[in-house]
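A look at the structure
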Amino acid sequence: LEARIRAGSLLLKYPNEAGIKEAERLANDVILKKPEYVDGHLLSANALIARREWEGAKVAIDRAIQLDPGRIDGRISLARLYTERAASDQKNAQSLRNQAELTYKQIIETHPESAPAHLAYGDYLFALNRHDEAEKQLIAATTLDTKDRLTMSALFRYYESRKRYQDAEKVLTRLIAL
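Per chain, residues are indexed from 1 in the order of the written sequence. Local features are withheld for residues below a pLDDT of 70 in this predicted model, meaning they are given only at 70 or higher, and side-chain atom pairs are given and counted only at 80 or more; totals for whole chains, interfaces and linings count all residues. Side-chain measures were taken over the full set of non-hydrogen atoms in the model, leaving aside hydrogen atoms and water.

A few words on the pattern of salt bridges. We define a salt bridge as a contact between a side-chain nitrogen of Lys or Arg and a carboxyl oxygen of Asp or Glu at a distance within 4 Å. Evaluated as defined, the whole model comprises 17 salt bridges. The salt bridge partner of Lys 33 is Asp 29, with a shortest N-O separation of 3.0 Å. One end of the pair is Lys 33 and the other is Asp 29, both in helix 2 (residues 17-33) and four residues apart, which spans about a single turn. Notably, a salt bridge pairs Glu 135 with Arg 164, separated by 2.9 Å at the nearest N-O pair. Here Glu 135 is found in helix 8 (residues 131-144), whereas its partner Arg 164 is found in the loop between helix 9 (149-161) and helix 10 (165-177), with 29 residues between them in sequence. Exposure categories follow from relative accessible area, calculated using a 1.4 Å probe and restricted to protein chains: below 20% of the type maximum is buried, above 50% is exposed, and the middle band is partly exposed. For Arg 164, a relative accessible area of 30% translates into the label partly exposed. Each of Glu 17, Glu 24, Arg 51 and Glu 53 takes part in a single network of salt bridges with overlapping partners. A run of H or I in DSSP becomes a helix once it reaches four residues, and a run of E becomes a strand once it reaches two; helices and strands are each numbered from the N terminus.

Here's what the structure looks like:
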């Protein structure tokens, strides 16, 4: 089951129609084999988000959260759903962004030690051009998990995009050393 989840997640990293369909098939296969397996529902949700099927994605996320309310990634997926939906729903965009923001803040309030939560919130803030807040979240993520390449890469990209090359070089040096 883990291999199916990893394969589906990789297919969604750079999604195309065939990859999304295959990720959905893998998620459904996992859910059929083990309905209580949270990762299957989250993979399904991420495939549905990629397809912009908001209601189905929300159902899958709600199921994942119901199965394991303490899992942070279910709530991160919920915030991501709000963010992605806001990008395509101008009428409700501000309300959806507010829901995303509230969800991220709740995650960090209840799990301040979660590097993935800080990383996701930092990426969200950066996308909104709230750079000072984004930097704080990305630094928190790299402080909490000093060995995660994804987190370090995000901080590197942040500094590089802000033309803070000395800071970017320091992070790159740490990244290479991993």
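This brings us to the side chain of Glu 101. Positionally, Glu 101 belongs in helix 6 (residues 93-110). It only takes one pair of heavy atoms within 4.5 Å for two residues to be counted as in contact. Once residues lying within four places of it in the same chain are set aside, the contact partners of Glu 101 are Tyr 121, Tyr 124, Leu 125 and Arg 130.

This brings us to the nonpolar core. What we call a nonpolar core is a set of buried Ala, Val, Leu, Ile, Met, Phe, Trp, Tyr and Cys residues that are connected through their side-chain atoms within 4.5 Å. Ile 61, Leu 81 and Tyr 104 are the most contacted members of the largest nonpolar core, which has 39 residues in total. For this core, the secondary-structure elements that each account for two or more residues are helix 3 (38-50), helix 4 (54-67), helix 5 (72-88), helix 6, helix 7 (115-127), helix 8, helix 9 and helix 10. Sort the elements by how many residues they give to this core and helix 5 lands first, with seven residues. Beyond its immediate chain neighbours, meaning those up to four positions away, Ile 61 contacts Ala 45, Ile 49, Gly 74, Ser 77, Leu 78 and Leu 81. Within the second largest apolar cluster, 10 residues are counted, among which are Leu 12, Leu 26, Ala 27 and Ala 47.

The quantities given are spatial measurements derived from coordinates; they are silent on function.
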